[in-house]
Structures are given as structure tokens and as C-alpha cells.
Amino acid sequence: MHTRVLTGITTTGTPHLGNYVGAIRPAIAASRRAEVDAFFFLADYHALIKCGDAARVERSRLEIAATWLAAGLDPQRVTFYRQSDIPEIPELCWFLTCVTAKGLLNRAHAYKAAVDHNRETGDDPDAAITAGLYMYPVLMAADILAFDANHVPVGRDQIQHIEMARDIAQRFSHLYGHEFFVLPEVAIDEDAPTLPGLDGRKMSKSYDNTIPLFAGGARALREAVSRIVTDSREPGVAKDPDSTSLTTIHQAFASVEAHAAFRQALVDGLGWGEAKKQLFELLDATLAPMRERYEALLARPADIEEILHAGAAKARAIATPKIAAIRAAVGLRAFHQMQGEKPAKAAKTKAAKAARLASFRDGANGFRFRLFAADGAELLLSVPFADPKAAGRVQQQLQAGAGGVALRAEGTQWVLAVDGNEVGRSAAVADEAARAALRGHLETALAQLVRHDD
Ligand code: TRP
């Protein structure tokens, strides 16, 4: 079975060595696996939220596209496109906006951080916060849900956004009566190294400690390597290989043996100047051929345009019918499609099977209930309650969608809690993947329990 893996790259900067090692290289390697159906896109609508400098966004789109292609992304094999070439994404974004709770967006980390910052500096809480920043998670949900992505590889700072995409998808499906979307799962690549920058802190534009990937050519690469911070030990004096980011960067590009030899040479007194020369040569051996492709691509932007257009066509072949179904579901069909149909009764279309609760008396233990999925599978068994009223109250809270209802993992089980108190638990499952899947079923069932008497 194919797993659809989808990720977006915000087009506000020029890729550096840390982006290559941490994101680009592992993503391209994963895209070559037979079972992976990879979608990569330039998140240029998201870029506008962060950056109002048109020239910079334009330049960044081109550079990032050229970088990924030069680094070995095969546009035949994967689906590679620009967000702004897919009109279905903003269209879906609106449909999702109309079901997204404002309170959910209030809790988004990036938005909250901006509000907190304003408070700290004594500004109006809304100062300099755009509606774009507020809506960022909904646009991202649309990116993901339009293509029914299974896995979304992102950095840790994006985990909340994937959880919100799931929430929003479930809310939409619940309101419109069937499962419209695959619920995406976050994929964190634990093996991809976080590269340190020149000064040993994480390599990041905001620290101004980056090593350029292609920009400025071999000269800029050599120059940046020469600025990596080391101590002042002379050649011939033993060095601590872990005292500088030089070694970590070396490790990200060298074979295990070559890296071990490099560390040993430092212990044996290799001079920093010579060590930097060796690191430059190692990096350039990998990067020079890519850099050549990069420059050739940048010289022919029309070719890149064509590649991205073909990618957008592939992507839209999926998104167009998907969004058409969603337009119909929300009541925006073309009138001629309704010919001969009786007007649907809202209640009828909702009669689709839903999850349910069933109470029973459990011998001398007391009163319990079970939660069943729409397909009849048992998902959860409640704790025993002393009397049927207590069991009933908890069921009412679940059906009311009370705020204190939460799921937490415990070993290979899920525990359902109301206001922090355990009220039930799932059966134990075999592994992490099964547990993740079960969470999806539980969330769907809990969402279905909440009746909307509209
Ligand atoms: N927000 C992501 C980031 O800053 C970029 C992004 C936009 C994205 N849309 C996405 C990532 C959809 C994954 C899926 O890294």
C-alpha cells in the first residue's frame, strides 16, 4: 500500500546547509522508497504571512525550487508544485474556516507567542498581528487535507498544526455527515541531524550562523567554513573533537570510518586550519555537482516553471474532484446537478451510521458503558460506576462535547478522562502504529457522539 507523504516549504529564505541535512536530504531519500507517494510543495501563500517583501518571496521560490531539484528530487516520481498554483487549496481553506472554532486558533503557539510578546512590551495584544497569522493553521490544514496525506514530516514546532488539521477535519466530517478526509499523522524524523552553525548553536538564519548551501559558490562555502568557531590550540596540540561544530558538520557528510579518522586526527594534534580545509573538501565533493545543476537551473527559470506546472497539474488531478465533492457536501452544487432530486432532508442525510454508547450492568462491579465505532467495533470500556445515574452523567458529558474530555496514552492503551478523572479505557494494542490508528477511531467516535440538533 502506498503512503502519501506531504510537506511544504515556506518560501522566505535561501536554503543553507542545515536545511539540506535536516530536511531536504532525508525528504528526497524518503521519496525514493517504493511505498512512498511523495508530495512536496512551495508554501508560498504561507510565505506572505511571514514576509511582505515581494522581491524576497519571488527570489526564494525560485531558489528553493532549484535547490530541491538540484539536490536530486525527481519531479517525475514525486508531485512537486507551488501552493499558489492550486486554487483548490484556498477554496478548501475557506470551507474549513467556516467550521473551525475560533477558540482552537486562539490556542495556536505562534499566535499566542505574538500576543504574549505584545503583552510583555505593553502593546495592544493585537498589535501587528494579521488575520493571516491567525489563519495559518487552517491554510496548513487545507494543504494537507486536499490531498489526503497520511504522513506529514515536519519539525517539532509544527506538531500542533498537524493536530489542528486533524481536529478541523473531524469537525468538518462530523458536521457534514461522513468521513471526507484522511486524518494526517505527524512524522518526525528522529535520525535527521540538527546541524549546529558556525558558533555551535543550531544553524539558523535568525542566529546569523549559517553555512550557505549553494549561494556564493565554493568561495562562500570555504569562507563560511573558515569562520567556524574553534579554540586557539596550536597545531600539534591534542584537540577535543567535541569542542566545535566542525566535527558535527563533518559527521553529517562523512562515512563512519572517515569520520572516526577525522576525530582521531584532531586528538593527535591536527591543526584547526588543516581540519577546516579537510571539511571544506568533504562538503564540496558532495555539493559541487549539485551546485552546478543548481546554477544551470537558475539560468533557465522557464524550465523550472514548466516542471512546477506539470506538478500542479498532477496535484490538481487529485484536488479538483476532491474539492468538487466538498462543494457539493456543503450545498454549493450546480443547480442542474439537482434535477429530478427531491430536496434532501437534513435529518435524512445525517442518518449515516454513527458511533454509539451502550450501558450495561456488570455483575456486582456496578454499572458500565461501552463505546462502539460506527462500524460496530468496540473501542472503549468504561470504569465501573456505583449507580446508573453516575454512568449516565458521564455519557451525557461525552454527548455534550464537554470541554474536559480528553484522551491520553498509557502504555499501549488509550485512557479517556473527563476533567482529569479516568472514565474508561481502550483495549491494549500491539504497537505504536496500532495505537495511533486507534486514537483516530476514538476521536472520530467521540466527535460523532456529539449531537448537533440543527
Ligand atoms: N508551516 C510549515 C513550516 O513552517 C510549512 C508548511 C505549510 C507545511 N503548509 C504545510 C508543512 C503543510 C507541512 C504540511 O515548516
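The structure we're discussing is the one just above.
Notes on the structure follow. (Residues numbered from 1 in each chain as written. Predicted model: local features only at pLDDT ≥ 70, side-chain atom pairs only at ≥ 80, totals over all residues. Heavy atoms only, no water.)

What to know about helix α3 (residues 54-70)
Given a rise of 1.5 Å per residue, 17 residues ought to cover 24 Å, and the 24 Å separating the end C-alpha atoms of α3 matches this to within 8%. Every buried residue belonging to α3 is among V57, S60, E63, I64, A65, A66, T67, W68, L69 and A70, and all of these are buried. With a side-chain oxygen lying 3.2 Å from the backbone nitrogen of A55, the N-terminal cap of α3 falls on D53. Of the residues one or two after α3, G72 is the one with positive phi, at around 115 degrees. (Helix = DSSP H or I, 4+ residues; strand = E, 2+ residues; numbered from the N terminus. Expected span 1.5 Å × (residues − 1). Buried < 20%, exposed > 50% of the residue type's maximum accessible area, 1.4 Å probe, protein only. Polar contact = N/O pair within 3.5 Å; in protein donor to acceptor, adjacent residues only side chain to side chain.)

Let's talk about the site of the ligand
Around the ligand sit 15 residues in total, of which G8, H46, Y136, D143 and Q158 are the nearest. The contact in question runs from a nitrogen atom of the ligand to an N or O atom on the side chain of D143, over 2.7 Å. Here a nitrogen atom of the ligand sits 2.9 Å away from a polar atom, N or O, in the side chain of Q158. Its free accessible area being 370 Å², the ligand has 89% of it covered by the protein chains. Of all elements in the fold, only β1 (3-10), β2 (36-43), α2 (44-50) and α7 (131-145) reach the threshold of two or more residues within the shell around the ligand. Within the shell around the ligand, the residues separate by chemical class into 8 nonpolar, 5 polar and 2 charged. (Near = heavy atom within 4 Å. Areas by Shrake-Rupley, 256 points an atom, 1.4 Å probe, with all protein chains shown as cover. Nonpolar A, V, L, I, M, F, W, Y, C, P; charged D, E, K, R; others polar.)

Structural notes on the layout of surface pockets
Over the atoms, a rolled probe matching the size of one water molecule traces out where space is still vacant. Space inside the second largest pocket adds up to approximately 1,600 Å³. Lining the second largest pocket are 43 residues, and of these E163, D167, Q170, R439 and E443 lie nearest its centre. Contributing elements (two or more residues each) for the lining of the second largest pocket: α5 (102-106), α8 (159-176), β5 (185-187), β9 (405-410) and α16 (432-449). Broken down by element, the lining of the second largest pocket gets its largest block of residues, 11 residues, from α8. (1 Å grid on protein atoms, 1.4 Å probe; cavity = no way out; pocket = protein on both sides within 12 Å on 5 of 7 lines; lining within 4 Å. Points joined across faces, edges and corners; volume = space filled by probe spheres on them.)

A look at the side chain of Q83
Along the chain, Q83 turns up in the loop between β3 (79-82) and α4 (88-97). Of note is the side chain of Q83, whose polar atom sits 2.8 Å from the side chain of D143. Beyond its immediate chain neighbours, meaning those up to four positions away, Q83 contacts F41, L42, A43, D44, Y45, H46, I89, L139 and D143. (Contact = heavy atoms within 4.5 Å.)

As for the nonpolar core
Residues L17, W68, F80 and I211 are the most contacted members of the largest nonpolar core, which totals 51 residues. The biggest single contributor to this core is helix α12 (residues 272-298), with 10 residues. Each of domain 1 (3-189) and domain 2 (205-298) accounts for three or more of the residues forming this core. Beyond its immediate stretch of four places on either side in the chain, F80 contacts F40, L42, A65, W68, L69, L73, I307, L308, G311 and A312. By size, the runner-up hydrophobic cluster in this structure holds 47 residues, among which are I86, A141, F147 and A319. (Core = buried A, V, L, I, M, F, W, Y, C linked by side-chain atoms within 4.5 Å. Domains from an automatic or database assignment.)

A few points about the sheet that holds strand β11 (residues 421-425)
Pairing is antiparallel in the open sheet, where 6 strands are placed in the order β6-β7-β8-β11-β10-β9. Edge positions in the sheet fall to β6 (356-362) and β9, since each has one partner strand and no second. Here the average twist between neighbouring strands, direction ignored, is 30 degrees. Here β6 pairs with strand β7 (residues 366-372) via 7 bridges, running antiparallel. Bridge pairing in β7 links R361 to F367. Taken strand by strand, helix α15 (residues 388-399) contacts β6, β7, β9, β10 (413-418) and β11, and its axis lies near 25 degrees from that of β7. Against the sheet, α16 makes contact with β6, β7, β8 (378-382), β9 and β10, and its axis sits at roughly 30 degrees relative to β10, the strand it touches most. (Pairing = 2+ DSSP bridges. Axes fitted to C-alpha atoms, helices over the stretch in contact; angles between N-to-C directions.)

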